[in-house]
Amino acid sequence: MSRRFKCIMCGRLFPEGQGVLISRGGLTLTFHSGRCAYRFLKLLFERADERCVLDVARSLASELEKVLELRKAKVQKRI
C-alpha cells in the first residue's frame, strides 16, 4: 500500500504519486493539489521579508525569460 500524505492547507489526505511535495532543508511541504500549493506560496511570498524574496524572484524571472526566448528562437528557426 502506498504512503498517504496530508495537505497542509486543507487537511485532505492523498496517496503518494499525487499532489505536490516540496522538500528543502529538512522541511517537507505537502499539498493535495496545485491550487493549495499556489495558495500557500502566495501567502509565503506576501509574508516573507522583501529583501530575501525580491532578489531571488528577480533572478528567477530573468532566468525563465531567457529560457522562453531560447524556445521562441528554436521555433522561429524551423519555419
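Up top is the structure.
Residues numbered from 1 in each chain as written. Predicted model: local features only at pLDDT ≥ 70, side-chain atom pairs only at ≥ 80, totals over all residues. Heavy atoms only, no water.

Chemist: Which residues make up the pattern of salt bridges, and what values go with them?
Modeler: For the structure on display, the rule yields one salt bridge. Between Arg51 and Asp49 there is a salt bridge, with the nearest N and O atoms lying 3.0 Å from each other. Look at Arg51 and you get exposed, because its relative accessible area is 67%. Using a relative accessible area of 37% as the deciding quantity, one classes Asp49 as partly exposed. (Salt bridge = Lys/Arg side-chain N within 4 Å of Asp/Glu carboxyl O. Buried < 20%, exposed > 50% of the residue type's maximum accessible area, 1.4 Å probe, protein only.)

Chemist: Describe the nonpolar core, listing the residues and the values that go with them.
Modeler: If you look at the biggest cluster of nonpolar residues, it comprises eight residues: Phe5, Cys7, Phe14, Leu29, Phe31, Cys36, Ala37 and Phe40. Counting only elements with at least two residues in this core, the list comes to strand 4 (27-31) and helix 1 (34-47). Considering each element in turn, this core owes the most residues, three residues, to helix 1. Apart from residues no more than four positions distant in its own chain, Phe14 is found in contact with Arg3, Arg4, Phe5, Lys6, Cys7, Gly19, Leu21, Thr30, Phe31 and His32. (Core = buried A, V, L, I, M, F, W, Y, C linked by side-chain atoms within 4.5 Å. Helix = DSSP H or I, 4+ residues; strand = E, 2+ residues; numbered from the N terminus. Contact = heavy atoms within 4.5 Å.)

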